[in-house]
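Structure assessment
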Amino acid sequence: MTKLFNDPARFTDDMLVGFLDANARYVVGVPGGVVRAHKTRPGKVAVVIGGGSGHYPAFCGTVGPGFADGAVVGNIFTSPSDEDAASVARAADGGAGVLLTTGNYAGDVMNFNLAVTQLKSEGIDARYFAVTDDVASAPRGEESKRRGIAGDFTVFKCASAAAEEGADLDDVVRVAGAANAATRTLGVAFDGCTLPGADAPLFTVPDGRMGLGLGIHGEPGVADHEMPSAAGLAATLVDGVLADNPDAASQRIAVILNGLGRTKYEELFVVWGEVARLLRERGYQIVEPEVGELVTSLDMAGCSLTVMWLDEELERYWTAPADTPAYKKAGATVAAPVGERRTAADIEKANSAPPPAESADDDGRDGGRMVARIFDALAEMLAEAEEELGRIDAVAGDGDHGRGMVKGVNAARDAAHQAVDEGAGQGSVLAAAGRQWSAKAGGTSGVLWGAFLTRLGARLGDMGKPDGAAITAALRDGFDALIELGGAAPGDKTMLDALLPFVDDLERRVNDGERWQQAWAAAAVVATEAARETADLQPKVGRARPLAERSVGTPDAGATSLAMCARTVADCFTLTAKGDR
């Protein structure tokens, strides 16, 4: 259990304070994460890695010469926002472009791709790459659906070494792809991890059993097996990884036996002795293996085996020297940092932006105040629902949906009130709330809610008093934004399965002449029933997909929270005087 913390909601922020102080010669903090303490040398591609925290040494512990130029640091097991990713990339950029790379998780993919779009609009050449090494999360032939787990490390290391050597951005991206295609990982869990402040782990493993095919965000294994001896576990891991050989002819391999946070190094060495013997018996030559904690999952008990089949180029990058806070690779001396240390002024300049324009009339400002009151009510409701939403999400996911919604709505509420104080209309208030929801909640739901609110604001604008037609059009725009961004569809067991029935019913009622406030209340009932009916569905996207069968019988957390929000907004309209907004 994670025992040492102050405020669980600030665990990541507090962790970064200590990390940055202890490693000041390597890194400095920037909004959204960390970058190397020295400026990127001219002509060098910057490699920015990242994801949710809880995985140390990944990701911020591997920023330094020979490895990453920056790391985006999200909340525990939660994707950083697109603003955070863009912020770190701006600070790391040295003029030769930036590769942003994460594991293959929906929130990371959406947020980092949004960051790439923003960076390109600013004139920074940026690319994104998602690691897909987990053989348990999708079968052969569907590698693009696989998660990124400890194989993140081999891909990040090789791409970073290529950039350090002087490769251009196209070549760095190519190396990342080659390393990913050559990397396979399989993991096992002996017990789940516990989020800071929680009194129970995200999952448990029965005595005498282990979960095969775990995720690194607190997801349980895809199947339970009898707990083997160290030799038996070694055979399971070796057989599982080698069975997914990417048609590589090479007998030279890089290997990682990775501890997940609670399994002792001595235990890992016992397993490694068996793993090494089995690999050598099969004719493999092991090149500079790593045994220890490289990509953890808080205090999860378990381990994973990663193999990267090497060619001459990948071996050169795998064995290249590195010097970071948590990972050092011996060899030729790593080039000393070139250029000046970054200053606070450098960081501020990289992320400066012009203040938003204000163009609201009195009706628009009235609408902005109403939006802010709605966020007050949503924040109060979600605080009460946090534990239940987390419980639902933990059935087949990582259990963080309730916490993510609370963090998101609190940030949105604060941003909404600040925008109101600045005289903003309803459109700008919604846009400000959306940006902060995405920035502070992170994860898939964070970026989706952020995009949804931003699109609502764009349609409603800051002038005038929206009527029923404008409200329904804005909600339809918001739904379309989620379809475009998330890659999901109704029926995939997501928030869309509550949102689409809600929008359809509201639109129909308004078109039939019903006052939109009354229509909203009725449509919220439809959304609530649609959310309940998601219990019969199996997830087809997201972290819950590898555990799809476990989710049957439990409604989707995202659909449930959306329906709750729709009902709460309806209550706000009911409490407002008849004829008022």
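The rules behind the values
Residues numbered from 1 in each chain as written. Predicted model: local features only at pLDDT ≥ 70, side-chain atom pairs only at ≥ 80, totals over all residues. Heavy atoms only, no water. Helix = DSSP H or I, 4+ residues; strand = E, 2+ residues; numbered from the N terminus. Buried < 20%, exposed > 50% of the residue type's maximum accessible area, 1.4 Å probe, protein only. Phe/Tyr/Trp six-rings, centres within 6.5 Å; stacked < 30°, edge-to-face > 60°. Expected span 1.5 Å × (residues − 1). pLDDT = per-residue confidence, 0-100. Contact = heavy atoms within 4.5 Å. Salt bridge = Lys/Arg side-chain N within 4 Å of Asp/Glu carboxyl O. Core = buried A, V, L, I, M, F, W, Y, C linked by side-chain atoms within 4.5 Å. UniProt positions renumbered as here; feature names shortened; annotations may be inferred. Pairing = 2+ DSSP bridges. Axes fitted to C-alpha atoms, helices over the stretch in contact; angles between N-to-C directions.

An unreviewed UniProt entry lists the protein under the name D-erythrulose 4-kinase, with Mycolicibacterium iranicum as the source organism.

1. Looking at unusual backbone geometry
For the peptide bond that leads from Tyr56 to Pro57, omega is 15°, which places it in the cis range. The topology assignment puts Pro57 in the loop between β3 (46-53) and β4 (70-76). A cis amide bond, omega 5°, links Ala58 with the succeeding residue Phe59. By the secondary structure assignment, Phe59 is in the loop between β3 and β4. Residue Phe77 is not a glycine yet carries a positive backbone phi of 55°. Along the chain, the position of Phe77 falls in the loop between β4 and α2 (82-92). When its relative accessible area of 1% is taken as the criterion, Phe77 is described as buried. If you check the backbone angles, Asp247 has positive phi at about 60° while not being a glycine. Its relative accessible area of 71% is what places Asp247 among the exposed residues.

2. Overview of the packing of aromatic side chains
As enumerated under the stated definition, the model contains 13 aromatic pairs in all. Both rings, one in Trp437 and one in Trp449, keep their centres 4.8 Å apart while their planes meet at 10°; by these two values the pair is stacked. A residue pair is termed long-range when its members are at least 10 positions apart, and Trp437 in helix α12 (residues 426-441) and Trp449 in helix α13 (residues 443-460) qualify at 12 residues. You'll find Trp437 and Trp449 in the same group, each marked buried.

3. A look at the side chain of Ser561
Here Ser561 shows up in helix α18 (residues 557-575). Judged by relative accessible area, which is 0%, Ser561 ranks as buried.

4. Structural notes on helix α16 (residues 516-533)
Helical geometry note: an α-helix holds 3.6 residues per turn, so side chains three or four residues apart project in the same direction. End to end, α16 covers 25 Å across 18 residues, agreeing with the expected 26 Å (1.5 Å per residue, within 8%). What α16 keeps buried is the set Trp516, Gln517, Ala519, Trp520, Ala523, Ala524, Ala527, Thr528, Ala530 and Ala531.

5. Overview of the confidence of the model for the protein
On average, residues of the protein score 90 in pLDDT, and 93% of them reach the 70 mark or higher. Taken together, the stretch residues 577-581 has pLDDT below 50 and engages in 16 contacts with residues farther than four places along the chain or on a different chain.

6. Here's the deal with the pattern of salt bridges
Counted by the stated rule, this structure contains 38 salt bridges. Close ionic contact of Glu122 with Arg90 constitutes a salt bridge, the shortest N to O distance being 2.8 Å. Taken together, the residues span a long stretch of sequence, with Glu122 in the loop between α3 (106-121) and β6 (126-131) and Arg90 in helix α2 at a distance of 32 residues. The partner of Arg476 in a salt bridge is Asp504, with the nearest N and O atoms 2.7 Å apart. With a gap of 28 residues between them, Arg476 in helix α14 (residues 468-486) and Asp504 in helix α15 (residues 496-511) connect regions that are remote in the sequence. Classification of Asp504 as partly exposed rests on a relative accessible area of 35%. Bridged by salt links that share partners, the residues Arg36, Arg41, Lys44, Asp69 and Glu164 form one connected network.

7. Some points on the environment of Ala230
For Ala230, the location among the structural elements is in helix α6 (residues 230-242). Setting aside its immediate chain neighbours within four residues, Ala230 contacts Val270, Val271 and Glu274.

8. Some points on helix α4 (residues 152-165)
Look at α4: 20 Å from first C-alpha to last across 14 residues, which is about the 20 Å you get at 1.5 Å a residue. Across the 14 residues that make up α4, a large majority, 13, are buried. Residue Gly166 follows α4 closely and has a positive phi angle near 115°.

9. Some points on the nonpolar core
Membership of the largest hydrophobic core comes to 92 residues, with the highest contact counts inside it found for Val172, Leu257, Leu279 and Met308. Counting residues per element, this core draws most heavily on α4, at 8 residues. Residue contacts for Met308: discarding those within four places in its chain leaves Thr154, Cys158, Ala179, Ala182, Thr183, Arg252, Ile253, Ala254, Leu314 and Trp318.

10. Side note on the UniProt feature "domain: DhaK" (unreviewed entry) in the protein
The positions UniProt marks with the feature "domain: DhaK" (unreviewed entry) are residues 7-327. Helix makes up 32% of residues 7-327 and strand 24%, whereas the separation of the span's terminal C-alpha atoms amounts to 29 Å.

11. Topic: the pairing of strand β2 (residues 33-36)
In this structure, strand β1 (residues 27-30) lies alongside β2, joined through 4 bridges in antiparallel fashion. Bridge pairing links Val27 to Arg36 in β2. Here β1 hands over to β2 after 2 residues, with Gly32 in that stretch at a positive phi of 100°. For β2 and β4, the ladder comprises 3 bridges, and the chain directions are antiparallel. Within the sheet, the bridge partner assigned to Val35 lies in β4 and is Gly70.

12. Points about the environment of Ala150
Relative to the elements of secondary structure, Ala150 occurs in the loop between β6 and α4. Taking relative accessible area as the criterion, Ala150 reaches 3% and is therefore assigned buried. Here Ala150 is in contact with Asp133, Thr185, Ile256, Asn258, Val295, Ser304 and Thr306, once residues within four sequence places are set aside.

13. Regarding the sheet that holds β6
Strands sit in the order β1-β2-β4-β3-β5-β6 across an open sheet of 6 strands; the sheet is mixed. The sheet is open, and its two edges are formed by β1 and β6, each paired on a single side. Strand-to-strand twist in this sheet, taken as the mean axis angle between neighbours without regard to direction, amounts to 25°. Here strand β5 (residues 98-103) pairs with β6 via 6 bridges, running parallel.

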